[in-house]
Amino acid sequence: MRRARGTLLVHAALVVGAVLALTPLVWMISASLMRPGEASSFPPPFLPSRPTLGNYVDLFTRLSLGRAAANSVLIAVMATLGVLLLNSMAGYAFAKLRFPGRDRVFALLLAALVIPAPVAMLPLFLMLRSAGLVNTYVGAAMPALAGIIGVFLIRQFARSIPDDLLDAARLEGAGEFRIYWTIVLPLLRPVLATLGIVTFLATWNDFVWPLVILTDESRYTLPVALAGLIGEHSGDLELMMAGSVLTVLPVLLLFLLLQRYYIEGITLGSVKE
Amino acid sequence: MAGEKPRPGGMPHEIQAAWLLLLPGLAAISILFLVPIGAAFLLSLTDFDIYTLGDFANMRFIGLKNYGALLRDPLLWKAMRNTALFLFVGGPLTLGVALAAALLLNSRVARWKGLFRTIFFAPYVTTLVAVAVVFRYLYHPRFGLIGQALGWFGIAPIDWLGDPRWAMPAIILLAVWKNFGYATILLVAGLQSIPESLYEAARIDGAGSAQLFRKITMPLLAPTFLFLGVITTIGYFQFFAEPYVMTDGGKPLNATLSVGLLMYKNGFRWWSMGYAASIAFVLFIVVLALTAVQFWIQKRGEA
């Protein structure tokens, strides 16, 4: 009897938590399907009386959020591919190759993890401005390449690659780059999936840097465009909710699809040395 | 390196390959992160402003004058107070909710664990700007869902984001909602790594469940909490998008102005980049000090 009550309590608490976690997202979707003004009638309805996609049509026709979505995809894909290449090379070298200073350089990188990224922002902006990269997609994607956590992730994973496998390839005369490209990269596939989704989501969700570096509205990413919209359209609740859904839904779906990799990466990233 | 077996292929060859593989990554980290950090300090010693932006020759070194002015700037102290509130109230609240959720998920009787875990984690992957927009409406004094729900308990409507006393709590609540799922995942992993035999042995010795929690669970979660504490400190100290989107940049009466927002406004809206760089460095030093304190507490706990 006591046990049954305990089971009931645990599940009641879990359900309450789940409702609290999901309600804002469900309401966002629901309100995005309401007619203009419907959500701010009194008492405010939770569900649309007659669902409409009109707000979404507005986003793509009257406003240029379609363009912003394309910008977001482009910048996130560029950043992700760059990070995968750079971090897999470096992470593999730290894990499997022997060279003087290896541990010291790696410790230095780990120490740099505690530096808050915004500290670098002002000079970085001035540097990219001199290089003519303000208001470009490349400029928006670039800072992601300085990510350190990915090097750490790949190194953790690459350490499990057996030395014998690499040595056998060396004996057969394969060069170090061929080994990296044809043997190591395929073995790294699971951790590359993890790093890929983590980087894509972080770049997609980022706000400060694209806000600073993208000056022209036609280059805005979704979060920047959305933050701009709330200035002029804060009265159009239903329209703003459609914009929020457009911004959130792609990453939420991506997460649901690949959550195994994502959650693995998060727990792997926290493993201490 | 001593004592490792020599490998075929030759050491010099391996060293060369290693540095070539590292070169692009280390170059990116240096040019895009480490050099700008150093440059930020130099920048903070100059009077870089909008005129300098047009012609770098207008820049002068002014020593520590920016820091002097900054420490006398009431806006800095206001922003510091808000940021500290966000960190010291929002941080423990986030981790507390996460610990409760993790214990529930780890309970032996709980079912559908995977589903609940996914649901708790979903807010964490959402775009901060978008959910800040959503919460802006949820907090609406008349039509907002949160006011409605509180009304069922007889609580009078609160102008969450318009009232200087309630704006920070409102923003903190959003942060807890968005971030607790992340800490939950790590705490569940930490709980699962505690061997069941430890609990059994203690139970045989007659320990109650409160004692088990205090003497086994919490100490063995300490490394996880240290990691979460450091991550949360670094992340929460930079809070920026919430006031930018929800309170139009720090309203009401700067009650939600953050250090990150103050830096952004000085640097990128008014182009006082020298002054903004000194704000960035103060932020850096405070985060560094808070991180060091957490490592120190952890060390002392082990001794």
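Residues numbered from 1 in each chain as written. Chains lettered and ligands numbered in written order. Predicted model: local features only at pLDDT ≥ 70, side-chain atom pairs only at ≥ 80, totals over all residues.

## Quick word on the overall build of chain B
What chain B contains, in helices and strands, is 13 helices and zero strands. Here chain B has a C-alpha radius of gyration of 25 Å; the compact-globule value for 303 residues is 19 Å, and the former is much larger. Principal-axis analysis of the C-alpha atoms places the extent of chain B at approximately 75 × 75 × 35 Å. Per-residue burial for chain B yields a buried fraction of 41% across its 303 residues. Partitioning the contacts of chain B with sequence separation of at least 6, the portion at a separation of at least 24 is 67%. (Helix = DSSP H or I, 4+ residues; strand = E, 2+ residues; numbered from the N terminus. Rg over C-alpha atoms; globule rule 2.2 N^0.38 Å. Buried ≥ 20, exposed ≤ 12 C-beta atoms within 10 Å, placed from the backbone. Contact = placed C-beta atoms within 7 Å.)

## So, the overall build of chain A
Looking only at helices and strands, chain A features 13 helices and zero strands. Going from N to C terminus, chain A has its helices and strands arranged as α-α-α-α-α-α-α-α-α-α-α-α-α. Expressed as lengths along the three principal axes of its C-alpha atoms, the size of chain A is roughly 75 × 70 × 35 Å. Considering chain A as a whole, with its 273 residues, one finds that 43% of them fall into the buried category. Counting contacts in chain A only where the partners sit at least 6 residues apart, residues at least 24 apart contribute 79% of the total.

## Re unusual backbone geometry
Residues and elements named next belong to chain B. Across the junction of Lys251 and Pro252, the peptide omega takes the value -10 degrees, indicating a cis bond. Summarising the element assignment, Pro252 is placed in the loop between α11 (241-246) and α12 (259-269). Its identity as a non-glycine residue notwithstanding, Trp112 has a phi of 50 degrees, on the positive side. Mapping Trp112 onto the fold places it in the loop between α4 (74-106) and α5 (113-125). A positive phi angle, close to 60 degrees, is found at Asn254, a residue other than glycine. For Asn254, the position within the fold is in the loop between α11 and α12.

## Examining the interface of chain A and chain B
How large an interface is tends to be reported as the accessible area lost when its parts come together. If you look at the interface, chain A gives 72 residues, while chain B gives 78 residues. For the side of chain A that touches chain B, the per-class residue count stands at 56 nonpolar, 11 polar and five charged. (Nonpolar A, V, L, I, M, F, W, Y, C, P; charged D, E, K, R; others polar.)

## Focus on the confidence of the model for chain B
When pLDDT is low, close inspection of the predicted coordinates is not appropriate. All names here are of chain B. Residues of chain B with pLDDT of at least 70 account for 96%, and the chain-wide mean is 91. This stretch, residues 1-10, has a pLDDT under 50; its non-local contacts, to residues over four places away or in other chains, come to seven contacts. This complex was scored by the predictor with a pTM of 0.92 and an ipTM of 0.93. (pLDDT = per-residue confidence, 0-100.)

## Looking at the environment of Ala140(A)
Residues and elements named next belong to chain A. Relative to the assigned elements, Ala140 resides in helix α6 (residues 137-141). Judged by the 30 C-beta atoms lying within 10 Å of it, Ala140 falls in the buried class. Residues Ala140 and Gly82, spaced 58 residues apart in sequence, show a C-alpha to C-alpha distance of 13 Å. Setting aside residues no more than four positions away along its own chain, Ala140 makes contact with Ile75, Trp209, Pro210, Ile213 and Leu214.

## Section: the packing of helix α3 (residues 65-96) of chain A against helix α1 (residues 11-43) of chain B
For the pair α3(A) and α1(B), the least separation of the axes is 8 Å and the interaxial angle reads 130 degrees. It follows that α3(A) is oblique to α1(B) by the angle criterion. The handedness of the crossing between α3(A) and α1(B) comes out as left-handed. Judged by residue contacts, Leu86(A), Asn87(A), Met89(A), Ala90(A), Tyr92(A) and Ala93(A) of α3(A) engage Ala18(B), Leu21(B), Leu22(B), Pro24(B), Gly25(B), Leu26(B) and Ala28(B) from α1(B). Considered class by class, the residues forming the contact of α3(A) with α1(B) number 11 nonpolar, two polar and no charged. (Axes fitted to C-alpha atoms, helices over the stretch in contact; angles between N-to-C directions. Parallel < 35°, antiparallel > 145°, perpendicular 65-115°, else oblique. Left-handed = near helix turned anticlockwise from the far one by under 90°.)

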